[in-house]
Structures are given as structure tokens and as C-alpha cells.
Amino acid sequence: MVFGGEIMRGEKRSMAARSYCLAIIVLASVLLSGCTNPIGPPEPTASLTVDVDQINSGEPINFDARESSTPDATVITQFSWDFGDGSKTTTTQGLTNHVYSTPGTYEASLIVENDRGGTDETHWTIHVNAYPVIELLSQPMAKVGESITLNAEGSSDPEGGVLAWAWDLDLSDDSDGDGDSRNDVDSSAPSITMLLNKSGEFEGAVVVTDDRGASAREAFQINVSTRTWQVTWEQQRVTEDWDGYLKQGESWTYSHVPGIASRLMEVNATLTLTMDLGWQM
Ligand SMILES: [Ca+2]
Ligand SMILES: [Ca+2]
Ligand SMILES: [Ca+2]
């Protein structure tokens, strides 16, 4: 019995020792894991921010993952970026940027990896706005004195945004006096009518802006020519009668001004003596 009792106490001590060791192993595992993954490698925590949630197509957006962390005794070794439009890149620093060339909604993702092979992933949704599409009806040729209509009312925004129009009717004239002749807002109507009162080549532009501040610009040219006039001259005979008397050496002068709408074509002068007194003593 004594022998058997020793055996039982020995088994109990052995079981207690195994339980104690198992508790130590489990505790050590929890401590080493950073309390995030008691089975696999210690995992980092990915953190992602962007400078803007909405951009216009073609504009850059900046991604910042520098707030990502990893448990003590480990370091982040790689940031794997997937921008959601088919473009991917990896960096060792938590900063990058990307240009979305096509409008749409994209979900960017980031995987942060540490030197123990632990990873964490996070996502961010980005809306890429499309620029308005300008539809401009203009008249490239005109004559002085004509009124022409420029119509951009048919312009549209792919997202259906509310549009605003700004016309600069002469890119060589600084109508608002700010030193830039190409930024004037001579009209904000969708369609305008302008009187062409002088000849020459004129260039203007219309800027259409959507409700998210994306602007599209289209220039137009108008060649204003002078009018061609057909002139018909009417002949008018002007006569002047004079019956004065001139002594030797005297003269008589007659002047005729034809006026601004006519001109003097020909002058025929005839002096007719109605009485020749002859020599008198
Ligand atoms: Ca838009
Ligand atoms: Ca101007
Ligand atoms: Ca100006």
C-alpha cells in the first residue's frame, strides 16, 4: 500500500508538473504573440488614411499608413498596396500616392507585414469624379453687324451633377481687370447671344463646372469678316451760271464740294462770252 501510495503521489506530482509546464508554455505563447494571435506569428495592426475621399480623375491621392503598428520586438517590413483599379505596389515606408485616370468607385486595400511574417489588412473606399462633358454649338464664321448664338446648354456630367457655365467672350481682353485676359466671366448663362460689331479673328472659351468642382474648358473661334458692298454711282450734273464782269487781270472762282457720299468725277468748264465790247477808247 505504501509502495502503491508512493506511486499515486508520484503520478499526481507528475501530472501537476505537466499542467504547470503547459500553463507556462501557453502563457509564454500568449506573451510572445502580442495577445493577437496565440497560434501563428505576432500580427501587426494596419492603419490607413487618405488626404481626400473624393478626387477628380487624373488627380493624385495620398495614402498614409504610418500609424500602423506591430508588437514589440517585431518591425514592419512591407506595405503592399492594391489601389483597386488594377494597380499595385509595395513600399517599405507607410506612404504612397496614386492617380486614378478613370472615374468610378474603388476600394483600395493595404496589407502590412512584419519581420515575423505576421500580416494585417485594411481597406478604404475612394470616389473618383468625372469631369463634365461640354457640348458647344458655335458659329465659326460671321459678318460684322451679325448676332450669333453660342450654346453650351447640352453639356452634361457623367454623374448627373448640377452644372455651372462661365463664358470668356474674348481671350485677348481682360474684362475684369485682374491681369489675366483668359479668366473672365462675361456671362454665366448656358447659352448666349453676342453682337459682332467689328471684324477680325476672335477667340473665347466656355468653362463648365460640376457640383464637385471639376471643370472642363472648351475654346471657340469666330472669324468676323467685313461686309462686301456694291456701289452704284449716280451721275449728277451741276451747273453754275455767272454773269459778272471782270476787268483786266481779275478772276472769278467757283468751288463745288461733292459731299462725303459722293465724289467729283469730271469737270468740264466752258466760258461763254455773251457780249464782246471790244476795244474802247
Ligand atoms: Ca462629375
Ligand atoms: Ca477675356
Ligand atoms: Ca481677367
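How each quantity is defined
Once a new chain begins, its residue numbering starts again from 1 and follows that chain's sequence as written. Ligands are numbered from 1 and chains lettered from A, in the order in which they are written. Only residues with pLDDT of at least 70 are given local features in this predicted model, and only at 80 or more are side-chain atom pairs given and counted; all residues enter the totals for whole chains, interfaces and linings. To get the side-chain values, all heavy atoms of the structure are used, and hydrogens and water are removed first. Residues enter patches when they are more than 30% accessible in relative terms and free of salt bridges; like-charged ones are connected within 9 Å and nonpolar ones (Val, Leu, Ile, Met, Phe, Trp, Tyr) within 5 Å. Methods summary: accessible areas were calculated by the Shrake-Rupley approach with a probe of 1.4 Å, and residue burial reflects only the protein chains presented. Any carboxyl oxygen of Asp or Glu that lies within 4 Å of a side-chain nitrogen of Lys or Arg is treated as forming a salt bridge with it. Under the DSSP-based scheme used, a helix requires at least four consecutive residues in state H or I and a strand at least two consecutive residues in state E, with every element numbered from the N terminus. Only protein chains enter the accessibility calculation, which uses a 1.4 Å probe; a residue is then buried when its area is under 20% of its type maximum, exposed when over 50%, and partly exposed in between. Here the aromatic set is Phe, Tyr and Trp, taking the six-membered ring for Trp, and pairing holds for ring centres within 6.5 Å; pairs whose planes are under 30 degrees apart are stacked, those over 60 apart are edge-to-face, and all others are tilted. Metal donors: N, O and S atoms at distances within 2.8 Å, or within 3.2 Å for Na, K and Ca, with water omitted from the atom set so that some sites may seem incomplete. When four donors show all angles between 85 and 135 degrees the site is tetrahedral, when four or six donors have opposite pairs over 155 degrees and all other angles between 65 and 115 it is square planar or octahedral respectively, and in every other case it is irregular. What makes two strands pair is DSSP finding at least two bridges between them. Under the rule applied, a polar contact is a pair of N or O atoms within 3.5 Å (in protein, one hydrogen donor and one hydrogen acceptor; residues adjacent in sequence only if both atoms are side-chain atoms). Any two residues whose heavy atoms approach within 4.5 Å at even a single point are treated as in contact. In this description, a nonpolar core means a group of buried Ala, Val, Leu, Ile, Met, Phe, Trp, Tyr and Cys residues linked to one another through side-chain atoms lying within 4.5 Å.

Right, let's get into a nonpolar patch on the surface. A cluster of nonpolar side chains, namely Val238, Trp242, Leu246, Trp252 and Tyr254, defines an oily patch on the protein surface of about 450 Å² accessible area. One can find leucine 246 in the segment after strand 14 (215-225). Since its relative accessible area comes to 35%, leucine 246 is described here as partly exposed.

So, about the packing of aromatic side chains. A full pass over the atoms with the stated rule returns seven aromatic pairs. Between phenylalanine 63 and phenylalanine 83, the aromatic rings sit 5.4 Å apart at their centres with planes inclined by 45°, giving tilted as the arrangement. Of the two residues, phenylalanine 63 is situated in strand 3 (residues 60-64) and phenylalanine 83 in the loop between strand 4 (76-82) and strand 5 (88-91); the sequence distance between them amounts to 20 residues. Owing to a relative accessible area of 1%, phenylalanine 63 belongs among the buried residues under this scheme. Seen in terms of ring centroids, tryptophan 242 and tryptophan 252 are 5.0 Å apart; in terms of plane orientation they differ by 20°. Their pairing is stacked. Taken together, the residues tryptophan 242 in the segment after strand 14 and tryptophan 252 in the segment after strand 14 connect sequence positions 10 residues apart. Exposure remark for tryptophan 242: the relative accessible area of 34% places this residue in the partly exposed category. Taken together, the ring pairs connect Phe63, Phe79, Trp81 and Phe83 into an aromatic cluster.

Here the calcium ion (ligand 1) is held by Asn129 (OD1), Ala130 (O), Asp157 (OD), Asp157 (OD), Glu159 (OE) and Asp210 (OD), and the distances to it run 2.3 to 2.7 Å. One can describe the site at the calcium ion (ligand 1) as irregular: its six donor atoms subtend angles covering 50 to 172° at the metal. Coordination of the calcium ion (ligand 1) draws on donor residues from a single chain, spaced N-A-x26-D-x1-E-x50-D in sequence. Since its relative accessible area comes to 9%, aspartate 157 is described here as buried. The exposure class assigned to glutamate 159 is partly exposed, which follows from its relative accessible area of 36%.

Under the criterion given, the structure shown has two salt bridges. Taking the shortest distance from any N to any O, the salt bridge between aspartate 64 and arginine 66 comes out at 2.8 Å. Judged by its relative accessible area of 22%, aspartate 64 is partly exposed. For aspartate 82, the salt bridge is made with lysine 88, and the minimal N-O distance between the two is 3.9 Å. With a relative accessible area of 24%, aspartate 82 lands in the partly exposed category. Lysine 88 gets classed as exposed once you look at its relative accessible area, which sits at 63%.

Moving on, we come to the sheet that holds strand 1 (residues 49-50). Read from one edge to the other, the open sheet built from three strands follows the order 1-3-6, with strand pairing classed as antiparallel. Strands at the two margins of the open sheet, each flanked by one partner only, are strand 1 and strand 6 (95-99). For strand 3 and strand 6, the ladder comprises five bridges, and the chain directions are antiparallel. In the strand pairing of strand 6, isoleucine 61 is matched with histidine 98.

In an ideal octahedron of six donors the angles at the metal are 90 or 180 degrees, and in an ideal tetrahedron of four donors they are 109.5 degrees. For the calcium ion (ligand 3), the protein coordination sphere consists of Asp174 (OD), Asp176 (OD), Asp178 (OD), Asp180 (O), Asn183 (OD1) and Asp184 (OD), at 2.1 to 2.4 Å. The site at the calcium ion (ligand 3) holds six donor atoms, and with the angles between them running 75 to 159°, its shape is irregular. Expressed as a motif, the donor residue spacing for the calcium ion (ligand 3) is D-x1-D-x1-D-x1-D-x2-N-D. Overall, aspartate 176 belongs to the partly exposed group, its relative accessible area being 44%.

For the rest of this paragraph, the subject is the side chain of aspartate 184. Looking at the element boundaries, aspartate 184 is found in the loop between strand 11 (164-168) and strand 12 (191-195). Engagement of the side chain of aspartate 184 in a polar contact is seen with the backbone nitrogen of serine 175, the distance being 3.1 Å. Within the local environment of aspartate 184, its side chain forms a polar contact with the backbone nitrogen of aspartate 176, the two atoms lying 3.4 Å apart. Those residues in contact with aspartate 184 that lie beyond four places of it in its chain are Trp167, Asp168, Asp173, Asp174, Ser175, Asp176 and Asp178.

As a further point, take the environment of glutamate 146. By the element assignment, glutamate 146 lies in the loop between strand 9 (141-143) and strand 10 (147-151). Overall, glutamate 146 belongs to the partly exposed group, its relative accessible area being 27%. As a C-alpha pair, glutamate 146 and methionine 194 span 48 residues in sequence and 8.5 Å in three-dimensional space. Non-local contacts of glutamate 146, meaning those with residues more than four positions away in its chain, are made with Gln139, Met194, Leu195, Leu196 and Arg227.

This paragraph deals with the nonpolar core. Grouped together as the largest cluster of nonpolar side chains are 19 residues, with contacts concentrated most on Leu150, Trp167, Val206 and Ile222. Here the element with the most residues in this core is strand 14; it accounts for four residues. Not counting residues up to four positions away in its chain, the partners in contact with valine 206 are Ile134, Leu136, Ala152, Trp165, Ala166, Trp167, Ala216, Arg217, Glu218 and Phe220. Counting residues in each nonpolar core, the second largest holds 17 residues, with Ile61, Ala65, Tyr100 and Ala108 among its members.

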